[in-house]
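Working through the structure, step by step
Chain by chain, the residues run as shown.
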Amino acid sequence: MANARLKVALLIVSTTAAKDPSTDASEAALSSVLEEEGDGRWELVDTKIVPDVVTQIQQQLKLWTDAESDYINLVLTTGGTGFAVADNTPEAVSALIVKPAPGLVHGMLAASLNVTPFAMMSRPVAGIRNKSIIITLPGSPKGARENLQAVLKTLPHACLQAAGMDSRSLHAGGIKKLEAEAGIKSSGGHSHSHDHHHHDHGSSHPPGHTHSHGHGHSHGHGHLVRHTAPNSNPMSNDPSLGPSRRNRESPYPMLSVDDALGKIKEHTPQPEVVTLKVDTSLPGHVLAEDVRARENVPAFRASIVDGYAVVVPSDGNLKGVFPVVSVSHASPGEVKPLKEGEIARITTGAPLPPGATSVIMVEDTILKTMTDDGKEEKEVEILADNVKEGENIREVGSDIKTGTVILNKGEQISAVGGEIGLLAAVGVAEVKAYRKPVIGVLSTGDEIVQHDRPGDLRLGEVRDTNRITLMTAAKECGYEVVDLGIAADKPGTLEETLRDALRRVDFIITTGGVSMGELDLLKPTIERSLGGTIHFGRVAMKPGKPTTFATVPVKDNGGRRVTKVMFSLPGNPASAIVTFHLFVLPSLHQLSGVSPAGLTRVPVTLTHDFAPDRTRPEYHRAIVSAGGDGELLAASTGGQRSSRVGSLRGANCLLCVPSGEEPLKKGSKVDALLMGGIRSGR
Ligand code: AMP
Ligand code: MG
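Lining the immediate surroundings of ligand 1 are 17 residues, of which E447, D464, T465, G513 and G571 lie closest. One of the side-chain nitrogen or oxygen atoms of S443 is found 3.4 Å away from a nitrogen atom of ligand 1. Contact between ligand 1 and G513: an oxygen atom at 2.7 Å from a main-chain N or O atom of the residue. When isolated, ligand 1 has an accessible area of 480 Å², and the protein chains bury 79% of it. Put simply, the parts of the chain that give the shell around ligand 1 at least two residues each are strand 19 (439-444) and strand 21 (462-463). Tallied by class, the residues present in the shell around ligand 1 amount to three nonpolar, 10 polar and four charged.

This part covers the environment of G544. By the secondary structure assignment, G544 is in the loop between strand 24 (533-536) and strand 25 (548-555). Remark: the alpha-carbon pair of G544 and A574, spanning 30 residues in sequence, is separated by 8.5 Å. Residue contacts for G544: discarding those within four places in its chain leaves P570, S575 and T579.

Before going further, it helps to examine the packing of aromatic side chains. Under the definition given, this model contains four aromatic pairs. Through successive ring pairs, a cluster of aromatic residues spans F507, F536, F549, F567 and F583. Taking NZ or CZ as reference, K436 lies 5.8 Å from the ring centre of Y479, over its face.

Turning to the sheet that holds strand 2 (residues 42-50), a few remarks are in order. As summarised here, the arrangement of the six strands in space is 2-1-3-6-5-4, forming an open sheet in which the pairing is mixed. Taken across any chain shown, the strands that pair with only one partner, and hence form the sheet edges, are strand 2 and strand 4 (99-100). Bridge count for strand 5 (residues 126-129) against strand 6 (residues 132-137) is four bridges, and the pairing is antiparallel. Paired with G127 across the two strands is I134, which belongs to strand 6. Against the sheet, helix 5 (residues 102-115) contacts strand 4, strand 5 and strand 6, and its axis sits at roughly 30 degrees relative to strand 6. Those strands touched by helix 7 (residues 155-162) are strand 1 (6-13), strand 2, strand 3 (74-78), strand 5 and strand 6, and its axis lies near 135 degrees from that of strand 6.

Basis of the calculations
- Residues numbered from 1 in each chain as written.
- Chains lettered and ligands numbered in written order.
- Predicted model: local features only at pLDDT ≥ 70, side-chain atom pairs only at ≥ 80, totals over all residues.
- Heavy atoms only, no water.
- Near = heavy atom within 4 Å.
- Polar contact = N/O pair within 3.5 Å; in protein donor to acceptor, adjacent residues only side chain to side chain.
- Areas by Shrake-Rupley, 256 points an atom, 1.4 Å probe, with all protein chains shown as cover.
- Helix = DSSP H or I, 4+ residues; strand = E, 2+ residues; numbered from the N terminus.
- Nonpolar A, V, L, I, M, F, W, Y, C, P; charged D, E, K, R; others polar.
- Contact = heavy atoms within 4.5 Å.
- Phe/Tyr/Trp six-rings, centres within 6.5 Å; stacked < 30°, edge-to-face > 60°.
- Lys NZ or Arg CZ within 6 Å of the ring centre and 35° of its normal.
- Pairing = 2+ DSSP bridges.
- Axes fitted to C-alpha atoms, helices over the stretch in contact; angles between N-to-C directions.

As far as function goes, none of this settles anything; it's purely spatial.
Here it is as structure tokens:
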């Protein structure tokens, strides 16, 4: 292990480079340092670019540092370390670092200060997360280069130690040997503090190094709990600390509904393209390609009517008696050619005999003679003159020509049948479409029992209302659903259930456990145990305030890194359904390529007064129906308490009632988000 190549990943933090990667010069600068001065120890295995957005920086870093086996030894970031408003890389990294490494920070600053006093304008941090070392470098290629050069020689050793290599064997031969191996020289007294550092594993810092804290501020918050929970994020409660130590107010910022929807859009992964069979399971899918006709429709010249195929003479006059020489039915097979003066009986949709130029409807003919056995027509009289070529014939490709685009990328295959019919008609048996996520639904709570458990409830028990409701809603929206059951409010149980679920499904919906009680374990489990990122944990709305949206990095069955989406909805049944439609659905839509994502918004007229909430916008469960003149009318379903399941009964919309003091008067107009079809009001 000591001599294996160490893996390096580079994160370019730059809003400019994120838009136009060609503007980045740091990657070239840093990879040449690694190559030329790295003694063959380093392999740059991944480079990613993200804008100056804390969550995006953290998400990428976690993917590199949180994998159990395939982790990166050294993660370098470049950019975002200055004093500008947008510079926040050190803050993003600090929150992830479990063991700060102020020595590395000091080394970088000392070297840069030798070059320019402006090095004071850089705010580097460095440290260990899991088995990886993370170091922030400045954004200027020159500064980044100098900083990396300053610490590079010590890093193989540091990385090996961070990765858990036995420090006794690493240290055999003492610090002098290490220095010699690294090709660096100590200047006198320094070697002592190095020594100290090596054996002390960072529990205290060597004297003389303390001043680097001012630059590093990579420790401090959360350090207290991190020695027990390495991946912890300072935001959620540490369940092991008990009720007296929990946050007494939610540490998550309260987002507006629009901002929450913005986060969902930003962090829901883009849809994955798959090849699907054209069959009855295709409806609901969105096409990921323009689809062209593989064949002409019709594929052969076909009759539009029941009648007689003829060869039209030059004068168009077909009056007279003709022998019936053949019959063409709508069935595959050879058809005999037709000559002028002969006719062939033909049925609707049957192929024209070669040579035939028109079809006379049976209504324009008279049967003249029959075969001897009386079973077949022998001669037929035609009563038509002025007949033109091509009459009553569907020409090859006259409905759809081979190669024409019949459906566009982004179009959704409906269950009405139109699109499936088109695909079937032109011989398209497979299409590229966006994969629909498989959704797992989990209820949480010690009090929750199976909805159909026989017998009366014991004191405190509550029948599981949410799981069956959400599974039904998700299924109705066209998604495959996996029942994840009920999880007890115990940290281990919840973590195990979710880990197992992350292996089985793409998308998890949980309910309960997101309030402020000490047994509300969802948020800490997502952040602390699963290494997920909570993008929001509180929304200014009624009902549904504690709605939580997170993404969790995991490896799929093929070993690829993927991001799975998790919604933790409030436990109150009305809140759960409202937030499913308002927040979960847009995420599902984005994941499956449906655009525009989310419920359809229409203006409606109130049929009675509505009392708004004073501080929070309300999503009022209501029934929209079409009035006599086509106007859409909305009436409340009644009591809107978030625990009241009945407030959803019959509801087909969520009325967007803005917060305010004054009642909304009967007859006024507000927006409604449609959850179901509109009924006739009459
Ligand atoms: P919680 O978010 O866990 O604090 O739950 C809030 C309320 O919703 C409590 O009264 C719970 O008992 C109730 N609740 C939670 N989950 C469910 C469920 N699956 N079905 C019905 N009620 C629930
Ligand atoms: Mg609960």
